[in-house]
Amino acid sequence: MSEQTPPKMPYWHVYTDAEGVSRQELVHLERFKFEGINPETAPQWNDKMDPAPSVVTFTVLPVGWVGEWHENPRPQWIAILSGRWFVETMDGHRVEMGPGELMMGEDQNTKARDGKKGHLSGTVGDEPCTMIVTGLQVEPTVNQPGRFR
């Protein structure tokens, strides 16, 4: 990566498809610009999201925690700080994530099938999973994996 070559940042997007089934896909943030946060700072790579009201929550999932089948309460960015967790979507895809990994949870409006609605998640291993969750006050999309590319 150089000043001429923008970086790409991977994240897992948990989304709802056109049939109401939750799925997840590995996509990348790709709209980086080399600029300072303001005129007084040195340039750096930034990918600014559209402004939206948000709620930031710091979360600690205890060892053995399982969040039974549920939808994300709103579109939300989840950044893993320590520990590990998994997310399983209705299509059977299970992904484990650890420190430094990102996920966009946007599986609102799923349709219950075979006792599943939304996603199943839980901790992995013998330590708690800490994360920062940024819930966005935006309309969820349908069948748009990688909405924030």
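Refer to the structure above for everything that follows.
Residues numbered from 1 in each chain as written. Predicted model: local features only at pLDDT ≥ 70, side-chain atom pairs only at ≥ 80, totals over all residues. Heavy atoms only, no water.

Chemist: Explain a nonpolar patch on the surface here, please?
Modeler: Where nonpolar side chains cluster on the molecular surface, the patch consists of V56, F58 and L81 and spans about 330 Å² of accessible area. Summarising the element assignment, F58 is placed in strand β5 (residues 54-61). Overall, F58 belongs to the exposed group, its relative accessible area being 62%. (Patch = residues over 30% accessible without salt bridge, like charges linked within 9 Å, V, L, I, M, F, W, Y side chains within 5 Å. Areas by Shrake-Rupley, 256 points an atom, 1.4 Å probe, with all protein chains shown as cover. Salt bridge = Lys/Arg side-chain N within 4 Å of Asp/Glu carboxyl O. Helix = DSSP H or I, 4+ residues; strand = E, 2+ residues; numbered from the N terminus. Buried < 20%, exposed > 50% of the residue type's maximum accessible area, 1.4 Å probe, protein only.)

Chemist: Could you clarify how one ought to interpret the sheet that holds strand β6 (residues 66-70) in this entry?
Modeler: Across a sheet, strands are paired by hydrogen bonds formed along the backbone, either parallel or antiparallel in direction. Strand order across the open sheet formed by four strands is β6-β11-β8-β9, with antiparallel pairing between neighbours. On the outer flanks of this sheet lie β6 and β9 (94-97), each paired with one strand and no other. With strand direction ignored, the average angle separating the axes of adjacent strands in the sheet is 15°. Examined bridge by bridge, strand β8 (residues 84-89) and strand β11 (residues 119-124) share six bridges and lie antiparallel to one another. Looking across to β11, one finds that W85 is bridged to T123. (Pairing = 2+ DSSP bridges. Axes fitted to C-alpha atoms, helices over the stretch in contact; angles between N-to-C directions.)

Chemist: Got a minute to help me understand the packing of aromatic side chains in this structure?
Modeler: Any aromatic ring pair is given by two values, namely how distant the centres are and how the planes are angled relative to each other. Scanning all chains against the criterion turns up three aromatic pairs. With a centroid separation of 5.1 Å and an interplanar angle of 55°, the aromatic rings of F34 and W45 are classed as tilted. Of this pair, F34 sits in strand β3 (residues 33-35) while W45 sits in strand β4 (residues 44-46); the two residues are eleven residues apart in sequence, bridging distant segments of the chain. Measuring from ring centre to ring centre gives 5.4 Å for W77 and F148, while their planes differ by 50°; the resulting arrangement is tilted. Residue W77 is found in strand β7 (residues 76-82), and its partner F148 is found in the segment after β12 (129-136); the two are separated by 71 residues along the sequence. A relative accessible area of 13% places W77 in the buried class. Among the aromatic residues, those joined into a ring-pair cluster are Y11, W77 and F148. Against the face of F86 rests R94, its NZ or CZ located 3.9 Å from the ring centre. (Phe/Tyr/Trp six-rings, centres within 6.5 Å; stacked < 30°, edge-to-face > 60°. Lys NZ or Arg CZ within 6 Å of the ring centre and 35° of its normal.)

Chemist: Just to check I follow, could you spell out the sheet that holds β12 for this structure?
Modeler: Ordered in space as β2-β1-β10-β7-β12-β5, the six strands form an open sheet in which the pairing is mixed. The sheet is open, and its two borders are formed by β2 (22-29) and β5, each paired with just one other strand. Shown here is a sheet whose adjacent strand axes are inclined to one another by a mean of 25°, direction ignored. Pairing of β7 with β12, which is carried by six bridges, proceeds in the antiparallel orientation. Paired with S82 across the strands is T130, a residue of β12.

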